[in-house]
Structures are given as structure tokens and as C-alpha cells.
Amino acid sequence: MDSAPKDIKQDGGQHGYGYSVPGYGYGYGNNDGATHQRAFRDYLLILRERIWYIIVVFFVVFSSVLVYTLNQTKIYESVATIQLFRRDPNIMQVQAVVDNDIRNAEDLNTQMKVLESTAIAQRVAERLTGADLRDFLAPYEKSAGGEVLTPVAILLDNRKIIPQRLSLFVFVQYRHPNRQMAAKVANLFVEEFITYNARVRIEESMKAVEDLKVRAEQQRKKVEEIAGRLQAYREKRNMVSLDQRKDIVTEKLKTLSVYLTQATARTKDAEVRLNQVKQRIANNGDLVDLPFVSSQPLIAQLVQRIAAQNITIAELSNRYRAKHPKMIEAQNSLRQTQDELKRAVAQVAASVEAEYQSAAQSEKEARAQLAAQEAESLEIDRYAVEYSNLDRELSVNEQIFQSTMARMRETSMSSTLETQNARLVDKAGVPDLPASPNVILNLALGAVGGVGLGLTFAFLVAFIDDRVKSSFDIESVIGLPIVGIIPELKNLSPVEKAQVAINQADRSVSEAFLTLHSSLRLKDESKNAKCFLTTSTIPGEGKSFLSSNLALTFAAHGEKVIIIDCDLRKPNIHKSFQLENLKGVIDVVAGTISLDEGIVRGVHPNLDVLPAGGRAKNPTQILNSKNFDAMIAELRKRYDRVFVDTPPLAAVSDALVILPLVDGSLFTIFFNKVRRKSAQFCAKRLLEANVPCFGAVLNGLNLAISGYYYAQYYDRSYKDYYVVMAKEENSKS
């Protein structure tokens, strides 16, 4: 295999990670086998993390509502109550021209529309004059946009008609900045409504009386003219004998009509049966399926016989072959019966057609007889038609004349009666308190709206923010168990961070690595593993930090450990231990030095380091070489634990090349940094390699919110214990 020259290894970092990850989104993608679901507590944690969003949005909304409410003009509301009568007062038993009776919901709604009409508002506006008009228009002089508002428009915008459920009571409500004007206008609406209905009734009645007078005179003249013509016709023709003959002819017509109806029905029945037979024949159907065919005794008998013979043939076929004499005899018998059935069906079809022809002939004869009788009747009626028409016309017009005269007298009397279809129950009073703005309601709505919008905004931010931060994200979305949590480190140099597991610079972090060490030793798979691979999704998630401190932890427990820096593009392990990176993995694989020459021994008790040895332009070729496989196999023999630090998975595929050579992997995730989709994609690549992944290690957890996102993994009291210890040490120092 080609070896990497030294000048390439020391190229100063020009070969960084150029990686491409799949599109990000808040959705979780396909996570086979995932059974975790977000619980109510998870949503509370989302809100807890974004509590300031909620507070700010609430403050903005509530303040806006408060300012809007305090700047609103006070509006007073006055209400008058009226009662609608189901029917007008019945002073006389006459029918009014205008019917105001309330019989159903439609009638009630009609009265409501009258109350809401522009006509009523126009009459109220006409009642407002002088000082009342000035007081009424004063609050609207400075209308929005310089629009000039008319009194009618103002009245329509501010009055409200409210029918009371299951009653004939109606509230007439009016709102106005002037409390006295609100009461006055509400009462004016009631007065004008009552007056309007009475006025409409009188006007319509007077108009109807005049119309009825003209119609009555015209009808009287028409009755006299028809009576004269009828008398002249009676004298000209003798109608008595015609009446007797007409009765006889009429009786014959009734009898023939009944007979024709029956004949027509028989013909139609026969035609239906004939059409069914023809249709079955045309469609090659079986006529036996027709009810009137199958009901024939002979056909029913033959059908039963065929069914019995089919059963017999089926039974014989189980015992004999097709050419057996008994089978042949049974088949012949079946064919004979079938032929008989066909002949019987044909006979029935022929009888159906014959029946139709007979019925049609009977109908034709009945029609001829009826036509002859009708001609005779028409001859008689020809003389009586004119007389009957004149007599009927005279009777109808006399009735019309009498009805018109009676209606004219009733209308004339009802027009002089003044009745009302409603009455005022409660007069509108001057209100003491404004109806608008409703300070308490507005503030309550502002508070509810502020909280609602704040929650919505918080969840929207959470929806957009798809970075890994919760145990749900790691275990359900990414699909890996959490085996360790490393708290956030602050105010430490890179070297101190790389060795925090043993230098006690942060006791909570040191204890976290001890917990991770214990977690790995609890399961047989990780307990017996000799070679560990550590990787991450993207750079900066602390995979080298995890490798160095976990190796130090194993070494502190008496195991012989080595760290291999296989990040040949951006090596970092040598920086963690302040070592030179002049020789290492690249040189050992190239064969320019031996494995012993490349290993830096005694970096810490029981801990050796094999640096990368510079940077390589062909890291994939190096990691795929047989010499690299042999190097890993040799290190497995020499050491109890081998930790291989690899590049991020989303950047390059180097870790996947090394993965078959190790016993298992650890996936590093930095809190609130990497996106879910990217981490999920990389974790899936790890799992598809058929090499155990011991789990995910969450790095950089902010202790301030650990109790909210990881209460089941990292107890708050545990955090507080180390915080108190740190404070005590700082005070002593």
C-alpha cells in the first residue's frame, strides 16, 4: 500500500471535513422498532426551556390589550323591552287587510326585520331635531378617514334587536357615548315601531276600500249581462228531454270505461309477460327462471325430475365411469327429460303470445264501443254546453259580486279602528355604567390570548428547532439508548478538559465518566469488548474528549489501555495529551516505523497513545489496508482496552471502514447542537454495520436544565451535590 509522505502529513490542516448531511426537519423519519412516545411531561419541558418566549409574548399581548382598552371611548348601553301580540286585538269579527298575526318563527322574524329596517331608523332620525340632534352627532364628528356619517347610518350601526328565546318579548338596545341619548334613542325606536305598524294598517285598508268599490261596480254590470243571455238561450231551446237522455248515455259511458280499463290492464299484463319471454329468448336465457313459466305444474315437475336425475348421475359417477351402461342410461334419461322440458317451455311461450293477441283484440273492441258511445254523448252535449256554461258563469259571478260587497263593507269598518300589535313593557333608562370597554373582560381575554399566543410561539420555535436535546430525541428519534451523560464544562483549557476524568477539575464530570464506565461494565456485550470506536455526527461534539477521558477512566481502574487517533484528517488526540504528532498510525501502516516506535508509552499510568502521525490525503486507503487490520489485531493482544478515535460520520465514512475491526461503538452527541435528522441518519449507518453500538453518550449537558430533560438519567439532587461541593472548595481557596 502507498504510504503517506511526511510533507503531506504535516500539511497544516488544509484537509478539513467536507461533509454533506440529509435535509433537516422536525419530523422523525423512519425509526424501525421505536416505541417511545412524547408524554405530557415532554411538552412541559419544551415550554420550560422556552419560558421567556411565553413571558415576552404574554407581556406584549397583554400590554397591547390594556393600552387599547384604556384608550377606548366609553359607550353606554340602554335597553327598552316590548311585547309583541300574537294577534291584533279582535274588536270586530272582520278580516284585516294587513295581517300582523304571529303564528310561527317566520312571522316573528318578519317583525324583527321591520324593527331592524331602514324605514324605522329613518323615522327615528326625523324625530331627532335641534339640541338632541347636535348631542347625537357630537361624538361622530371626527369619524375615521374623514367619512361623513349620516344619522341613519349611525342609528343602524349602534342599535341591536334581541328577541328573547321562547317568548314574544324583544329587547331594543342602543349604544351611544352620551348616556341620556342612548336611553332616548332606544325609546324612540319602540315608539316608531308601534306607530309604523298602525299607520301601515290604516293606509293599506283605505287603499283596499277604493279598489273594492271599483271592482264591485264592474262585477254588478257583468252579472246583469250574463243573466240576460241565459234567459234568451233557455227560451230558444228546450233542455228538459236532453237532460234525461244525457243521464242514460252517461251511465253507458261509465260502464264501457270500466270495461276498457280492465281490458287495457289485461293487455298490459300479457304484453309484459310476452316481452319477458322475448328478452330471455334474445339473450339465450332460460325461460324456466320466469315465475309464470316455472309455476306451470308440468314444468315444475320436469325441473324436479331433472334435479333428481342430476343427483343420480353425480352418485353414479362416484362408482362408474362415463361409458358404463348405467351412466349411459342415466344420461339418456336426463336428455329425454330435458327435451320434454324444452317442449313444455315452448308451449308456455306460445300460450303467452296467444293470450296477448286475445287481450289486445278485446281492448280494441272495447275502445271502438266506447268511441261510439262518446260520439253520441258529444252530440247531446253540443246542445247543452252553451246553456251549462252560461248558467255556471252566472252563478260564479253572482258569488264574486256578493263576496266583493261584503269584503268592501268589512274593510271600510276595519280602517277606522286603531289597533296595535305591540306594547312597551319596560322603558329604556339612563345607564349608570358604560357597557364598553369591558375592562375586566378585555384584560381576561388579553391574558388568555397572551398565554395562548405565547404557548403557540413556544411550540412553533420548538417545531422549528430540531436539534437533539431530550432523551426522547436520542432514544426514540435517533434510536440509541443513553449510556452516559457528560455535564457541560466551563472555564477549562482543552488539555484540562481532555484529562478531566483524573485531574478532578470538575467533580461532576469525573463522576459522570465513572458512571459511564460502570454502565459499560454492566452489559456483557460492552464488558467483554476490547476495542471501542468513538465517533459523532459532526465535528465539535466531543468524540476525542470522550475517547481520552473514557480511556483514562479504564486505565485508572487498573486496565492496560491505548488510544488510537484514527482521525487522519484532523487529528486531535495528541493535543489532548500535549504530544508530538510526527509519527503514528500513518507511519506504522506505511511500514516506515514499527508499532513500538509509533506508540507513546506512559502518557498516564496504564495508558499509552498512538497518534495519527500527521494528516493524510488518502485516509480511506490507509484505513482499508491489511497493515491497518494487522495493527489493530496486534494492539488487541497487547492491551486490555483499545479506544479508536474516528472522524464524524456525517463528514466522512472513515469510521464505517474501521467499524468491522472493533467490538462496538460509542456515539457522541453534543447537547443542543446536532440536528435530529443528521444524527438519526448517522446512527442508522452505525446500526446497519452489524457491529454492536453500545449506545449514545450525551456531551455538554447544561446542568441548569438537566433536571428537566434528563430527570430519569441525571438526578437534580446529584447535580446540586457537586455544585455545593464546588462552592465550598472555592470559598476555602
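These remarks concern the structure in this document. (Residues numbered from 1 in each chain as written. Predicted model: local features only at pLDDT ≥ 70, side-chain atom pairs only at ≥ 80, totals over all residues. Heavy atoms only, no water.)

### Here's the deal with the overall build of the chain
Logical step 1: Counting secondary structure elements, the chain contains 28 helices and 12 strands.
Logical step 2: The contacts of the chain with a sequence gap of at least 6 include a subset with a gap of at least 24, amounting to 82%.
Logical step 3: Taken as a whole, the chain presents about 39,800 Å² of accessible surface, with 52% of it coming from carbon and sulfur. (Helix = DSSP H or I, 4+ residues; strand = E, 2+ residues; numbered from the N terminus. Contact = heavy atoms within 4.5 Å. Areas by Shrake-Rupley, 256 points an atom, 1.4 Å probe, with all protein chains shown as cover.)

### Some thoughts on helix α11 (residues 297-317)
Logical step 1: Over its 21 residues, α11 runs 30 Å from end to end, which matches the ideal 30 Å to within 8%, given 1.5 Å per residue.
Logical step 2: Turning to α11, its buried residues number three or more, namely Ile-299, Leu-302, Ile-306, Gln-309, Ile-313 and Leu-316. When α11 is viewed along its axis, its buried side chains cluster within an angular range of 105° and face the same direction. The outward face of α11, more than 90 degrees from its buried face, is lined by the exposed residues Pro-297, Gln-304, Ile-311 and Glu-315. (Expected span 1.5 Å × (residues − 1). Buried < 20%, exposed > 50% of the residue type's maximum accessible area, 1.4 Å probe, protein only. Arc of directions from axis to C-beta.)

### Looking at a nonpolar patch on the surface
Logical step 1: On the surface, a nonpolar cluster with roughly 510 Å² of combined accessible area is contributed by Tyr-53, Phe-457, Leu-460, Phe-463 and Ile-464.
Logical step 2: It is helix α13 (residues 439-464) that provides the largest number of residues to the nonpolar patch, a total of four residues.
Logical step 3: Here Leu-460 is to be found in helix α13. (Patch = residues over 30% accessible without salt bridge, like charges linked within 9 Å, V, L, I, M, F, W, Y side chains within 5 Å. Salt bridge = Lys/Arg side-chain N within 4 Å of Asp/Glu carboxyl O.)

### Some details on helix α26 (residues 676-687)
Logical step 1: Taking 1.5 Å of rise per residue, the 12 residues of α26 would be expected to cover 16 Å, and the 16 Å separating its terminal C-alpha atoms lies within 8% of that figure.
Logical step 2: Buried within α26 are the following residues: Arg-676, Ser-678, Ala-679, Gln-680, Cys-682, Ala-683 and Leu-686.
Logical step 3: Tucked inside the fold, the buried residues of α26 contact α14 (471-478), β6 (531-536), β11 (664-670) and β12 (693-701).

### A closer look at the state of the cysteines
Logical step 1: The final tally for this structure, using the stated rule, is zero disulfides.
Logical step 2: Free cysteine: Cys-566, not disulfide-bonded; nearest cysteine sulfur from Cys-531 at 8.5 Å. (Disulfide = S-S within 2.5 Å.)

### Focus: the nonpolar core
As a rule of thumb, nonpolar side chains are buried together in soluble globular proteins.
Logical step 1: Counting residues in hydrophobic clusters, the biggest one holds 52 residues, and the most contacted among them are Ile-564, Leu-610, Phe-628, Met-631, Leu-635, Phe-667 and Ile-669.
Logical step 2: What Phe-628 contacts, discounting residues up to four positions off in sequence, is Cys-566, Val-585, Val-589, Ile-622, Leu-623, Ile-658 and Leu-661.
Logical step 3: Residues Val-114, Val-124, Leu-128 and Ile-161 belong to the second largest nonpolar core, which totals 33 residues. (Core = buried A, V, L, I, M, F, W, Y, C linked by side-chain atoms within 4.5 Å.)

### Quick word on the pattern of salt bridges
Logical step 1: All chains considered together, the criterion is met by 19 salt bridges.
Logical step 2: We note a salt bridge from Lys-184 to Asp-132, for which the minimum N-O separation is 3.6 Å. Within this pair, whereas Lys-184 is found in helix α8 (residues 179-236), its partner Asp-132 is found in helix α6 (residues 130-137), the two being separated by 52 residues in sequence.
Logical step 3: Taking relative accessible area as the criterion, Lys-184 reaches 33% and is therefore assigned partly exposed.
Logical step 4: Linking Lys-543 and Asp-567 is a salt bridge whose minimum nitrogen-to-oxygen distance equals 3.3 Å. With a gap of 24 residues between them, Lys-543 in helix α19 (residues 543-556) and Asp-567 in the loop between β7 (561-565) and α20 (573-576) connect regions that are remote in the sequence.
Logical step 5: Through salt bridges with shared partners, a single network forms among Asp-596, Arg-601, Asp-608, Glu-634 and Arg-638.

### As for the layout of surface pockets
Taking a probe equal in size to a water molecule and rolling it over the atoms shows the remaining empty space.
Logical step 1: By volume, the largest pocket amounts to about 650 Å³.
Logical step 2: In this structure, the largest pocket is lined by 29 residues; those nearest its centre are Gly-540, Gly-542, Ser-544, Phe-545 and Asn-572.
Logical step 3: Those elements that provide at least two residues to the lining of the largest pocket are β5 (482-487), α15 (494-498), α19, α20 and β12.
Logical step 4: For the lining of the largest pocket, the element with the most residues is α15, which contributes four residues.
Logical step 5: Along the lines of polarity and charge, the residues of the lining of the largest pocket split into 13 nonpolar, eight polar and eight charged. (1 Å grid on protein atoms, 1.4 Å probe; cavity = no way out; pocket = protein on both sides within 12 Å on 5 of 7 lines; lining within 4 Å. Points joined across faces, edges and corners; volume = space filled by probe spheres on them. Nonpolar A, V, L, I, M, F, W, Y, C, P; charged D, E, K, R; others polar.)

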